[in-house]
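A closer look at the structure
Next come the chains, spelled out residue by residue.
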Amino acid sequence: MLVFNIVGVEAQINCKIKVDDWVSFPVCYGEEINMSVDANPNCTYQWSKNGIDISGETNFHLTAEITENGVKYGVKVFNVQTQEECEDEITIDMLETFEIEFEQTQLTCSNNNAENGQNARVIATASGDKYTSFTYEWWSNNENIWTNPNNPQEAIGLKAWKEYHVDVTGVTAEGDTCVRTASFTPRAYPNPVLEIISDPKDTAYIQNPYVTFSFEGDVDSIEYNSWSWAFFDNPDKPSEITSTSILEEPTNVYAQTSKSGSPFRVELNVKSAAYGCDTTFSTNMIVLPVKLKIPNVFTPNGDGINDFFIIDNDPTAGSNNENENETTRGFEYDSYNPLRDYYIRTQLTVFNRWGRIVYKSSDYQNDWDGGKLPDGTYFYVLECVGEHENHRYQGSVTIFGSGR
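Each chain has its residues counted from 1, following the order in which its sequence is written. Where local features are concerned, this predicted model is filtered to residues with pLDDT of at least 70; where side-chain atom pairs are given and counted, the filter is 80 or more; whole-chain, interface and lining totals use all residues. No hydrogens and no water enter the side-chain calculation; it runs on all heavy atoms of the structure.

Each cavity reported here is a set of points on a 1 Å grid over the protein atoms alone in which a 1.4 Å probe fits but cannot get out, each pocket an open set with protein on both sides within 12 Å along at least five of seven lines, and each lining residue one with an atom within 4 Å of a point. Grid points are joined across faces, edges and corners, and a volume is the space filled by probe spheres set on the points. Approximately 150 Å³ is the volume found for the second largest pocket. Contributing to the lining of the second largest pocket are 11 residues, with Tyr205, Asp312, Asn313, Pro315 and Tyr342 lying nearest its centre. In the scheme used here, Gly and all other residues not listed as nonpolar or charged are polar, with Ala, Val, Leu, Ile, Met, Phe, Trp, Tyr, Cys and Pro taken as nonpolar and Asp, Glu, Lys and Arg as charged. In terms of residue class, the lining of the second largest pocket is built from five nonpolar, three polar and three charged.

This next bit is on the environment of Ile310. Secondary-structure assignment places Ile310 in the loop between β24 (297-298) and β25 (312-313). With 58 residues separating them in the primary sequence, Ile310 and Trp368 have C-alpha atoms 8.0 Å apart. Starting at the N terminus, helices and strands are each numbered in turn, a helix being any DSSP run of H or I of at least four residues and a strand any DSSP run of E of at least two.

Before going further, it helps to examine the pairing of strand β28 (residues 376-385). Paired strands, as defined in this entry, are two strands with at least two bridges between them according to DSSP. Pairing of strand β26 (residues 345-351) with β28 involves seven bridges; the strand directions are antiparallel. Note on β28: the bridge partner recorded for Gln347 is Glu383. Where β28 and strand β29 (residues 390-399) come together, 10 bridges link them in antiparallel fashion. The residue of β29 that forms the bridge with Val385 is Asn390.

What follows is about the packing of aromatic side chains. Each Phe, Tyr or Trp ring (for Trp, its six-membered ring) is paired with any other whose centre lies within 6.5 Å, and the angle between the two planes then decides the class: stacked below 30 degrees, edge-to-face above 60, tilted in between. In the structure shown here, the tally under the stated rule is 19 aromatic pairs. Each ring, one from Phe215 and one from Trp227, has its centre 5.8 Å from the other, and the planes form 65°; the classification is edge-to-face. Here the residue Phe215 occupies a position in strand β17 (residues 210-218), and Trp227 occupies one in strand β18 (residues 226-232), the gap between them amounting to 12 residues. Accessibility expressed as a relative area gives 21% for Trp227, which makes it partly exposed. Taken together, the aromatic side chains of Phe298, Phe309, Tyr359, Tyr364, Trp368 and Tyr380 make up a single cluster linked through ring pairs. Taking the ring centre of Phe232 as reference, the NZ or CZ of Arg265 above it sits at 3.9 Å. Throughout, exposure labels follow a simple rule: accessible area from a 1.4 Å probe, protein chains only, divided by the maximum for the residue type, with under 20% read as buried, over 50% as exposed, and the rest as partly exposed. The criterion for a charge sitting over a ring is simple: Lys NZ or Arg CZ within 6 Å of the ring centre, and within 35 degrees of the ring normal.

As a further point, take the state of the cysteines. By definition, a disulfide is the covalent link that joins the sulfur atoms of two cysteine residues. Criterion for a disulfide: a pair of cysteine sulfur atoms within 2.5 Å. Per the counting criterion, the structure on display carries two disulfides. Here Cys43 is not disulfide-linked; the sulfur of Cys86 is the nearest cysteine sulfur, at 7.6 Å. Looking at Cys43, the relative accessible area reads 10%, which means it is buried.

Tallied over the full model, the rule gives two cavities of 30 Å³ or more. A volume near 40 Å³ is recorded for the second largest cavity. Every residue lining the second largest cavity is listed: Cys28, Tyr29, Leu95, Glu96, Thr97, Phe98, Tyr131, Cys178 and Arg180. The residue inventory of the lining of the second largest cavity, partitioned by class, reads six nonpolar, one polar and two charged.

The next subject is a nonpolar patch on the surface. Within this analysis, patches are made of residues with over 30% relative accessible area and no salt bridge. Like charges are joined at 9 Å or less; nonpolar side chains (Val, Leu, Ile, Met, Phe, Trp, Tyr) at 5 Å or less. Computed by Shrake-Rupley with a 1.4 Å probe, the accessible areas treat only the displayed protein chains as cover when residues are assessed. For this document, the term salt bridge refers to a Lys or Arg side-chain nitrogen within 4 Å of an Asp or Glu carboxyl oxygen. A surface patch of nonpolar side chains, amounting to about 230 Å² of accessible area, comprises Tyr210, Val253 and Ile344. Mapped onto the fold, Ile344 is located in the loop between β25 and β26. Relative accessible area serves as the criterion here: at 37%, Ile344 is assigned to the partly exposed category.

Looking at the secondary structure, you find Ser48 in strand β3 (residues 43-49). What makes Ser48 buried here is its relative accessible area of 12%. Whether two residues are in contact is decided by their heavy atoms, any of which lying within 4.5 Å being enough. Apart from residues lying up to four places away in sequence, Ser48 is in contact with Asp53, Ile54, Lys72, Tyr73 and Gly74.

Here the focus is the pattern of salt bridges. Going through the model one piece at a time under the given rule, you end up with eight salt bridges. The residue Asp363 makes a salt bridge to Arg340 at a minimum N-O spacing of 3.1 Å. In this pair, Asp363 is assigned in the loop between β27 (357-361) and β28 and Arg340 in the loop between β25 and β26, connecting sequence segments 23 residues apart. Judged by relative accessible area, which is 34%, Asp363 ranks as partly exposed.

This paragraph deals with the environment of Thr67. Tracing the backbone through its elements, the reader meets Thr67 in the loop between β5 (61-65) and β6 (71-79). In sequence terms Thr67 and Val27 are 40 residues apart; their C-alpha atoms lie 9.7 Å from each other. Ignoring any residue separated from it by four or fewer positions in sequence, one finds Thr67 in contact with Tyr29 and Met94.

Here we take up the sheet that holds strand β8 (residues 99-106). Across the sheet, four strands lie side by side as β8-β9-β12-β11; this open sheet has antiparallel pairing. The sheet is open, and its two edges are formed by β8 and β11 (146-148), each paired on a single side. Averaged over all adjacent pairs, the angle separating strand axes in this sheet is 35°, with direction ignored. Bridge analysis of strand β9 (residues 120-127) against strand β12 (residues 151-158) gives three bridges, and the strand direction is antiparallel. Note on β12: the bridge partner recorded for Val122 is Ala155. Every axis in this analysis is a line fitted to C-alpha atoms, fitted for helices over the stretch in contact. Angles between the N-to-C directions lie between 0 and 180 degrees.

With that out of the way, let us pick up the pairing of β26. Strand direction decides the pairing type here: β26 and β27, joined by four bridges, are antiparallel. Residue pairing for β27: Thr349 is matched across the bridge by Lys360. What sits between β26 and β27 in their antiparallel hairpin is a turn of five residues, with Gly355 showing a positive phi close to 85°.

Turning next to the confidence of the model for the protein chain. When pLDDT is averaged across the protein chain, the result is 87; 88% of the residues are at 70 or more. Note on residues 1-10: pLDDT is under 50 here. Beyond four places in sequence and across chains, it has zero contacts. Ignoring residues within four places in sequence, the model shows residues 318-332, a span with pLDDT below 50, making 12 contacts including any to other chains. Confidence scores labelled pLDDT are given residue by residue by the predictor and lie between 0 and 100.

Quick look at the structure:
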């Protein structure tokens, strides 16, 4: 019997709740503490919070995050072998918490590359009645955070739409300290929506290579006060800037035609000095050679088809097909460009068979219907002044079916 009594004494259960040695009371808001009782394979455990069993917490230990003062955690231990039962309870004292608020003092741009969109400024402010001072430490994953040298509460040079964190340490009058972490995601101005406009629209010709650019659109999202243009005009080095401009409506003069149909890029960079933001827009311009197609007949009979002497650019200019015959190709004149798109200046002169001038225009608008001339063959000379070359076209044209 004595042996059994000794065993029974040693088997007595212990319900005393123990807390990790490094935990000091009162604890801070959000602090996790580990509570435990002696482990015994013959015992069952049930933990409770404020007298209510915690579902699933049936181990000899419990980890709890403390978010309120005076919360009571308890445990009931039951030895299934000896039918012994005991319980214990502990009250957790928590320091009054403090709040952290954010104020974004400067917005930034929407894009977040290395040179743009890193200008947000955010101030973190902690407050709590029991705290006499606060210190602030900003951080972010894989990024160094700069703070205002005159105000460590303010983080500067932040990107838009990225989460940043601040660890705030509060000190009470009794010397107790607590650390809270809060997160903030800076907002940004939406990028302005601009449209680049060019004259001519998307295609220029090498003998009249003057293209004027401008822009318009919704820029209310962010105030801009400067802009710059970059032109990429080298067909052999398409990513190389060949010229720039700070004019609002610059005129770019192209010196070469596009290569293999690849257009030249044009970039517009709009900036806001107040916020250090900038946004880049781009468009393309094709520059083609000039080879005019001049018809050898037109029929001014009022049927709306081929009623005028229309001179246009040959879209097959630069084609390798030497067998194409300009006089036999079918020409459609539903749309065409004026000659001033192809050359800086032109002069058309038409003669009759005796050399007498019957029509002349220094800026031909493709609007000659033969006037009152009778059907017959006439001769023309078209003088074209280009930026890089001057061209002279001459030949004959027949007026047919006019009824005159």
